[in-house]
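A closer look at the structure
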Amino acid sequence: MLSTIQQLLEKQDTQTLTAALLHSSRWLLGERLHYGPIQQRGLMANWLDITTHFETVELCAKVQSGDVEAGVFCLSSASTTTYFIAQCEHRNGAIKQLLQWVDSASLAAHYNTKEAPGYDNSMSLPFWPEPDPLQLSEFDPQLHLKTTHAGINDVVASNTSDKSKALLSQWWQVWQGFDTAGIKELYSDATHISVNSQVLNKEGSPSVSSWLTQLEGKLHRRYCQLEQVITDESNALVRWRIDADLKTDNGLIRVRLPLATMLTFKENKIVSEYWVVDSIAFEKRFGAPLPF
Amino acid sequence: MSETSIAKTVYWQPLHDMLDPARSKTQTLAGFDEEFVDLADYILRITHRIWEQKNIGACYDYYADYCPVHTLGGYADSVDVVVQNTLKTIAAFPDRSLIGEDVIYREEANDVYYSSHRITSIMTNKGPSEFGAPTGKTGRVTTIADCMCRDNKIFYEWLMRDNSFLIAQLGIELDDAAAFQAKFPVSSTFTQWLNEEYARTCANEASRWEALPEQDKPWGDFAKSWADQIFNKRMFNKLSDFYKPNASVQWPGGRQATGNAAIGGMFIKYLASCPDANMVVDHICVTHYDDNRVNIALRWGLAGHYNATQSKYAQFNQQPHYILGATHFEIEDGVIAKEFTVFDEVAALANLMRKLPQATEA
């Protein structure tokens, strides 16, 4: 059903997606859940506006398992590349849930540059949704041995291969367990790994290990939680979140960073990995920019 | 359980099928109009007719003349008041949609059907409302309506709405909304009900309800044990007996937690506002979604003494405090995968301002 999104973006086909959405379908964008035809039409109109600023739309990676399908979309123009990840829960042609995480910072920079004759690279989009209200509670982030913390084996489907489980567990150990030494086993020099539009391990950009160090160093009392993992033989979408303390101009605040990471793997190595974080949603919600 | 259970059909149901169900009749529904194929269909269609088609007068067809409706903010028992309140709400939020997320129900004795209906509404505040002047803003809210139905009519209802989540989107502060509500007098029947519910819940006396069918009894025990272990005994290391490691929990006011660590933190923080709280489960319904998924609805009360977790509410410390709440669980592999808990924090704070309940301490 990702094709309905592709058709919307490439052919401005609003009707196919509209027909697939149910009365009770929910659509996440900008960390806000939208329901009903009025809100759905508004979102479609905004996407159509966005696509006028890009030349191509490409589905870069995809995973499907049971009723769930997810993919990384790449919006490109001569000067920029913006990624977003979409996930669909669907059955018999009907979409119950459509979740989207967008590199909104890159989108805003490109959108505003094109929109205004002068150069306006502000980190805002006039139509980006206000995130849903969120009340965070403090909790103990320590991984006590006798308490339960979600691991890969707890969240993958029972039919996931042992090979995939082992690789994803290793991946989780790197990012959740701050295992910098594990990076070499998991990634090769040829791995494409991007965090939003920034490609890591390239000249002038951080290495994978310095990205991990930034996460650990700038997000204090960091706790990583797996939400959902969708896998097939060589791809996985990992939905996860980091709850942490963030130093801001107004002191230390508790924040939540929702993350969507799409992995493609081959022979126990990761071939490509796309991270998407909605920076505008984060800033709107917490009144502070992402620290990296 | 068949592939096409009613619960699964409702989950994936397009609007045209909701308005004209294709599934065959599987419940007797004695005394109900022939057009309804099961209780979920009855609840979904009458809700659509009253709220979305704006046939407010249809309340006279689907509510008994005498129908007690309990909320944490007030009490009504006549169909005329139900009609008037529906009209006022639609005037305040003219585009309010009522999207049925789930209907968890059971057949009880004497041709009574009990339904717990979870609804998501999108609504724009265009007129004066129970929270004050119109804001013009659009918000989303979750409601759980527990209804007892017989002979094609609802004759008893408990209504729980996550108003603190709604007002946060409308740009209204919790204290302002509660102070606005507290200005309005409440009936003596409401005060009496609140006092009695408080006393009963403190005394750990569940209201009497019919035993679950044999196949669902383990789920009833599970739900009661959840209340007892987590809320009454505060055994947060037991969370993994009840929740999947990646379970997601939605509580009022935008509290959202995934995983045992965050869920435990959320419950501890909430209970700190009523540290001697006692929870009593007053009703349980179970529907089977498929072989591996069961949906459970609980209606519960929580009572104790208020303890402010923000200094601005310290004036209410040690006052009796009562919450009427409802929870829907989606159970997978024998434990909770998703939880939706709803209660009205605006009304709860307004009641503290009114110094209600006026409990006679045991």
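Starting from 1, residues in each chain are numbered consecutively following that chain's sequence as written. The order in which chains are written sets their letters, starting at A; the order in which ligands are written sets their numbers, starting at 1. Local features are withheld for residues below a pLDDT of 70 in this predicted model, meaning they are given only at 70 or higher, and side-chain atom pairs are given and counted only at 80 or more; totals for whole chains, interfaces and linings count all residues. In computing side-chain values, all of the structure's heavy atoms are included and hydrogens and water are not.

Once that is clear, we can look at the sheet that holds strand 12 (residues 269-276) of chain A. Residue and element names in this part refer to chain A. Strand order in the open sheet formed by 6 strands is 8-7-12-11-10-9, and the pairing between neighbours is mixed. Two strands in the sheet have a free side with no partner beyond their single neighbour: strand 8 (198-199) and strand 9 (220-231). Here, a strand pair is defined by DSSP locating no fewer than two bridges between the strands. A run of DSSP states H or I qualifies as a helix once it reaches four residues; a run of E qualifies as a strand once it reaches two. Both are numbered from the N-terminal end. By the bridge criterion, 14 bridges tie strand 10 (residues 235-248) to strand 11 (residues 251-266) in an arrangement that is antiparallel. Paired with R239 across the bridge in strand 11 is A260. By definition, residues are in contact when any of their heavy atoms lie within 4.5 Å. Where helices are involved, their axes are fitted lines through C-alpha atoms of the stretch in contact, as for all axes, and angles between N-to-C directions lie from 0 to 180°. Its contacts with the sheet place helix 8 (residues 208-218) against strand 7 (187-195), strand 9, strand 10 and strand 12, and it is angled at close to 125° to strand 9. Sheet strands in contact with helix 9 (residues 279-286) are strand 10 and strand 11, and its direction is about 160° off that of strand 11.

Moving on, we come to empty space enclosed by the protein. All names here are of chain A. Both cavities and pockets are sets of points on a 1 Å grid over the protein atoms alone; in a cavity a 1.4 Å probe fits but cannot get out, in a pocket the set is open with protein on both sides within 12 Å along at least five of seven lines, and lining residues sit with an atom within 4 Å of a point. Grid points are joined across faces, edges and corners, and a volume is the space filled by probe spheres set on the points. Under the counting rule described, the total for this entry stands at 6 cavities of 30 Å³ or more. For the largest cavity, the calculated volume is near 80 Å³. Looking at the largest cavity, the residues that line it are E31, W101, R256, L257, P258, V276, V277, D278, A281, F282, R285 and F286. At the level of secondary structure, the elements contributing two or more residues to the lining of the largest cavity comprise strand 11 and helix 9. The element best represented in the lining of the largest cavity is helix 9, accounting for 4 residues. Its residues placed into classes, the lining of the largest cavity shows 8 nonpolar, no polar and 4 charged. Polar here means any residue other than Ala, Val, Leu, Ile, Met, Phe, Trp, Tyr, Cys and Pro, which are nonpolar, and Asp, Glu, Lys and Arg, which are charged; Gly is therefore polar.

Before going further, it helps to examine the nonpolar core. Working definition of a nonpolar core: buried Ala, Val, Leu, Ile, Met, Phe, Trp, Tyr and Cys residues. They are joined through side-chain atoms within 4.5 Å. Relative accessible area decides the class of each residue, using a 1.4 Å probe on protein chains only: under 20% of the type maximum gives buried, over 50% gives exposed, and in between gives partly exposed. The biggest cluster of nonpolar side chains holds 64 residues, and the ones touching the most others in it are B:W226, B:Y243, B:F267, B:I296 and B:L298. Taken domain by domain, this core gets at least three of its residues from each of domain 1 (4-189) and domain 2 (204-352) of chain B. Not counting the four nearest positions on each side in its chain, B:F267 is found in contact with B:I230, B:F231, B:F236, B:L239, B:Y243, B:W251 and B:E339. Counting residues in hydrophobic clusters, the runner-up holds 43 residues, among them A:L186, A:V208, A:C224 and A:W275. Where each domain starts and ends comes from a domain assignment, either automatic or drawn from a database.

A few words now on the sheet that holds strand 9 (residues 278-290) of chain B. Strand pairing in a sheet relies on backbone hydrogen bonds. The paired strands run either parallel or antiparallel. Residue and element names in this part refer to chain B. Taken together, 6 strands build an open sheet; the order of strands is 8-7-12-11-10-9 and the sheet is mixed. The strands lining the two open edges of the sheet, one partner per strand, are strand 8 (255-258) and strand 9. Looking at each pair of strands side by side, their axes are set apart by 15° on average, direction ignored. Both strand 9 and strand 10 (residues 293-305) contribute to a ladder of 11 bridges, which runs antiparallel. Across the sheet, N278 pairs through a bridge with A303, a residue of strand 10.

Once that is clear, we can look at the side chain of B:T142. All names here are of chain B. The topology assignment puts T142 in strand 5 (residues 138-150). Throughout this description, a polar contact denotes any pair of N or O atoms lying within 3.5 Å of each other; where both atoms belong to protein, one of them has to be capable of donating a hydrogen while the other can accept it, and for residues adjacent in sequence the pair is counted only when both atoms sit in side chains. A polar contact of 3.2 Å, which involves the side chain of T142, links it to the side chain of Q250. Discounting residues that sit within four places of it in the chain, T142 has contacts with R118, I119, M160, R161, D162, Q250 and V342.

Residues and elements named next belong to chain A. By the element assignment, F54 lies in the loop between helix 3 (36-51) and strand 3 (56-65). A relative accessible area of 9% means that F54 is categorised as buried. It is 20 Å that separates the C-alpha atoms of F54 and W275, two residues lying 221 residues apart in sequence. Leaving out residues up to four positions away in the same chain, F54 has contacts with L75, S76, S77, T80, T82, L107 and H110.

Many analyses report the size of an interface as the accessible area lost when the parts associate. Residue and element names in this part refer to chain B. Segmenting chain B into domains produces domain 1 (4-189) and domain 2 (204-352). Placing a centre on the C-alpha atoms of domain 1 and another on those of domain 2 gives a separation of 22 Å. Facing the 38 residues of domain 1 at the interface are 44 residues of domain 2. When two parts are brought into contact, each loses some accessible area as probed by a 1.4 Å sphere; the total of that loss over both is the buried area. When domain 1 packs against domain 2, close to 3,300 Å² is buried across both sides, 61% of that on carbon and sulfur atoms. Interface area lost by domain 1 to domain 2 is led by L72, I104 and R106, which between them contribute 24%.

With that settled, the discussion passes to the packing of aromatic side chains. When the centres of two rings from Phe, Tyr and Trp lie within 6.5 Å, Trp using its six-membered ring, the rings pair. Their planes under 30 degrees apart give stacked, over 60 give edge-to-face, and anything left gives tilted. In total, this model carries 40 aromatic pairs over all chains according to the counting rule given. Between A:W240 and A:W275, the ring centres sit 5.3 Å apart and the planes meet at 75°, which makes this aromatic pair edge-to-face. Here A:W240, found in strand 10, pairs with A:W275, found in strand 12; they are 35 residues apart in sequence, far enough to count as distant. With a centroid separation of 6.2 Å and 90° between ring planes, the pair formed by B:W193 and B:Y322 is classed as edge-to-face. Separated by 129 residues along the polypeptide, B:W193 in helix 8 (residues 188-202) and B:Y322 in strand 11 (residues 320-332) bring together distant segments of the chain. When sorted by exposure, B:W193 lands in the same class as B:Y322, which is buried. Counting every residue linked through ring pairs, the aromatic cluster contains B:W219, B:F222, B:W226, B:F231, B:F242, B:Y243, B:W251, B:F267, B:Y270, B:W300, B:F329 and B:F343. Positioned above the aromatic ring of B:W158, the side-chain terminus of B:R299 is 3.6 Å from the ring centre. Each ring is checked for a lysine NZ or an arginine CZ that lies within 6 Å of its centre and within 35 degrees of its normal; such an atom marks a charge sitting over the ring.

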